[in-house]
Amino acid sequence: VQLQAFGGGLVQAGGSLRLSCAASGSIFRIADMAWYRQAPGKQRELVARITSGSSTYYTDSVKGRFTISRDNTKNTIILRMGSLKPEDTAVYYCYADIWRNLWSRANYWGQGTQVTVSS
């Protein structure tokens with residue numbers, strides 16, 4: 001099983017970016033999927049999470065600006081980021097809680113993608 005993240009890049013403050021993440025491999029079921037981020041010198045933090053039933057959670061700093069969505073048929077999640085601020089600059093990681101079969105469950109991480117917001 002692997003997660004592959006796409007998107008990211010450099011954008012001016014106030015701009016928008018779209019991140020996507022696809023899970024592939026031997027997958028029976030995916031529970032929660034999420035995006036985390038880690039800025040230089042800071043701990044990794046949860047940005048947004050979406051359950052298999054599409055319930056969502058956002059950290060306070062991104063509420064109203066970011067939207068997480070999910071396509072269960074393609075095992076993908078998308079993070080639409082708007083009204084970006086310099087403090088959103090970080091490496092963004094996708095995460096998934098994956099059942100490979102009825103007896104094997106583990107957490108998986110994507111490779112990280114850089115988002116840089118210039119002021």
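What counts, and at which threshold
Residues numbered from 1 in each chain as written. Predicted model: local features only at pLDDT ≥ 70, side-chain atom pairs only at ≥ 80, totals over all residues. Heavy atoms only, no water. Phe/Tyr/Trp six-rings, centres within 6.5 Å; stacked < 30°, edge-to-face > 60°. Helix = DSSP H or I, 4+ residues; strand = E, 2+ residues; numbered from the N terminus. Lys NZ or Arg CZ within 6 Å of the ring centre and 35° of its normal. Buried < 20%, exposed > 50% of the residue type's maximum accessible area, 1.4 Å probe, protein only.

**Observations regarding the packing of aromatic side chains**
So, point 1. Under the criterion given, the structure shown has three aromatic pairs.
So, point 2. Geometrically, the ring pair formed by Tyr-36 and Tyr-95 is edge-to-face, given 5.9 Å between the ring centres and 70 degrees between the ring planes. Remark: Tyr-95 occurs in strand S9 (residues 90-99) and Tyr-36 occurs in strand S4 (residues 29-38); sequence separation between them is 59 residues.
So, point 3. Ring-pair connections join several aromatic residues into one group, and the members of that group are Tyr-36, Tyr-95 and Trp-109.
So, point 4. Cation over ring: Arg-44 sits above Trp-109, and NZ or CZ is 4.7 Å from the ring centre.

**Describing unusual backbone geometry**
So, point 1. Even without a glycine there, the phi angle at Asn-75 is positive, about 55 degrees.
So, point 2. Structurally, Asn-75 is set in the loop between strand S7 (66-71) and strand S8 (76-81).
So, point 3. On the basis of relative accessible area, Asn-75 is assigned to the partly exposed category, the value being 23%.
So, point 4. Unusually for a residue other than glycine, Ser-83 sits at a positive phi of about 45 degrees.
So, point 5. Residue position: Ser-83 is located in the loop between S8 and S9.
So, point 6. Given the relative accessible area of 43%, Ser-83 is considered partly exposed.

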